[in-house]
Amino acid sequence: MHVSDRLTDRVPERWLEPLVKHAEALKFLIVGAITFVVTVVLFFGLKWTILQDKPVTANVLAVLIATIVSYILNREWSFTARGGRRRHHEAALFFAVAGTGLAINQLPLWVSSYVLDLRSPNVSFLTENIADFVSGSIIGTLLATAFRWWAMRKFVFPEPVNVLADPAALTVYGGRHGDH
């Protein structure tokens, strides 16, 4: 029995159809949560060590590494039921969308750091780090995630599979044991 079978066997029947219907979005959000943790850990690790005076550079590096993780997880899990492009073309489009998302992600942090000047010695260490977390990790991530969700489905992984009309697609999304 697959892990997905064991999990879906525990889901009440009335919740299963909406979960399957929105499985792609749920997987995208789970990948986003994983890459959010990767980004935050790397950002603050770099910011507090080798890039102390360069918060935007630290965040760019953290987001770039998280983007590579995101491509792998999204390609192999979130959007596995989508396609329509050759792998190299898909990867190029993914990284173009991710690059645009990266720029969107940096805007709030840049405003916080250089327009509002929420940097030491103008503010305390605690204030600076809270401002960096809220602007770069929360606001920037939310804006970039909304853009990426739209752009991934529109440009990178454009060909959907209708899981409700195609019973074989349930194996991709984890149907009840015996449904495949």
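Conventions used here
Residues numbered from 1 in each chain as written. Predicted model: local features only at pLDDT ≥ 70, side-chain atom pairs only at ≥ 80, totals over all residues. Heavy atoms only, no water. Helix = DSSP H or I, 4+ residues; strand = E, 2+ residues; numbered from the N terminus. Expected span 1.5 Å × (residues − 1). Bend = angle between axes of the 7 residues up to and from the residue. Buried < 20%, exposed > 50% of the residue type's maximum accessible area, 1.4 Å probe, protein only. Polar contact = N/O pair within 3.5 Å; in protein donor to acceptor, adjacent residues only side chain to side chain. Contact = heavy atoms within 4.5 Å. Phe/Tyr/Trp six-rings, centres within 6.5 Å; stacked < 30°, edge-to-face > 60°. Core = buried A, V, L, I, M, F, W, Y, C linked by side-chain atoms within 4.5 Å.

Trainee: Looking at this model, I keep getting lost on helix 5 (residues 87–115). Mind explaining?
Mentor: An α-helical turn contains 3.6 residues, so any two residues separated by three or four positions project in the same direction. For helix 5, spanning 29 residues, the distance from its first C-alpha to its last is 40 Å, which sits close to the expected 42 Å at 1.5 Å a residue. Along helix 5, the sharpest kink reaches roughly 30 degrees, centred on L109. Positive phi shows up at D117, right after helix 5, with a value of about 55 degrees.

Trainee: Would you take a moment to explain unusual backbone geometry for this structure?
Mentor: Both trends apply: most residues other than glycine have a negative phi, and most peptide bonds are in trans. Following S120, the chain continues into P121 via a peptide bond in cis, with omega recorded as 5 degrees. Following the sequence through the fold, P121 ends up in the loop between helix 5 and helix 6 (125–156).

Trainee: Where do I start with the side chain of T39 in this structure?
Mentor: With respect to the helices and strands, the residue T39 is situated in helix 3 (residues 23–47). Note on T39: relative accessible area 11%, which makes it buried. One polar contact links the side chain of T39 to the main-chain carbonyl oxygen of T35, over a distance of 2.7 Å. For T39, the residues in contact, after removing those within four places along its chain, are N59, A62, V63 and A66.

Trainee: Quick question: what am I supposed to make of the packing of aromatic side chains here?
Mentor: One pair of aromatic rings is described through two measures. These are the centre distance and the angle between the planes. This structure, assessed with the given rule, holds 13 aromatic pairs. Measuring from centroid to centroid gives 6.5 Å for W48 and F125, while their planes differ by 35 degrees, and the two rings are tilted. With W48 in the loop between helix 3 and helix 4 (55–78) and F125 in helix 6, this residue pair connects regions lying 77 residues apart in the sequence. Ring geometry for W150 and F155: centres 5.4 Å apart, planes at 85 degrees, overall edge-to-face. Given a relative accessible area of 47%, W150 falls into the partly exposed group. Exposure remark for F155: the relative accessible area of 35% places this residue in the partly exposed category. Here the aromatic cluster, defined as three or more aromatic residues joined through ring pairs, consists of F43, F44, W48, F125 and F133.

Trainee: Just checking my understanding: could you explain the nonpolar core for this structure?
Mentor: Side chains of nonpolar character tend, in soluble globular proteins, to be buried together. Listed in full, the eleven residues of the largest apolar core are F28, Y71, F79, A91, F94, V97, A98, A151, M152, V156 and F157. When residues of this core are traced back to their parent elements, those giving at least two are helix 5 and helix 6. The biggest single contributor to this core is helix 5, with four residues. Counting residues in each nonpolar core, the second largest holds nine residues, with V40, F44, A62 and L109 among its members.

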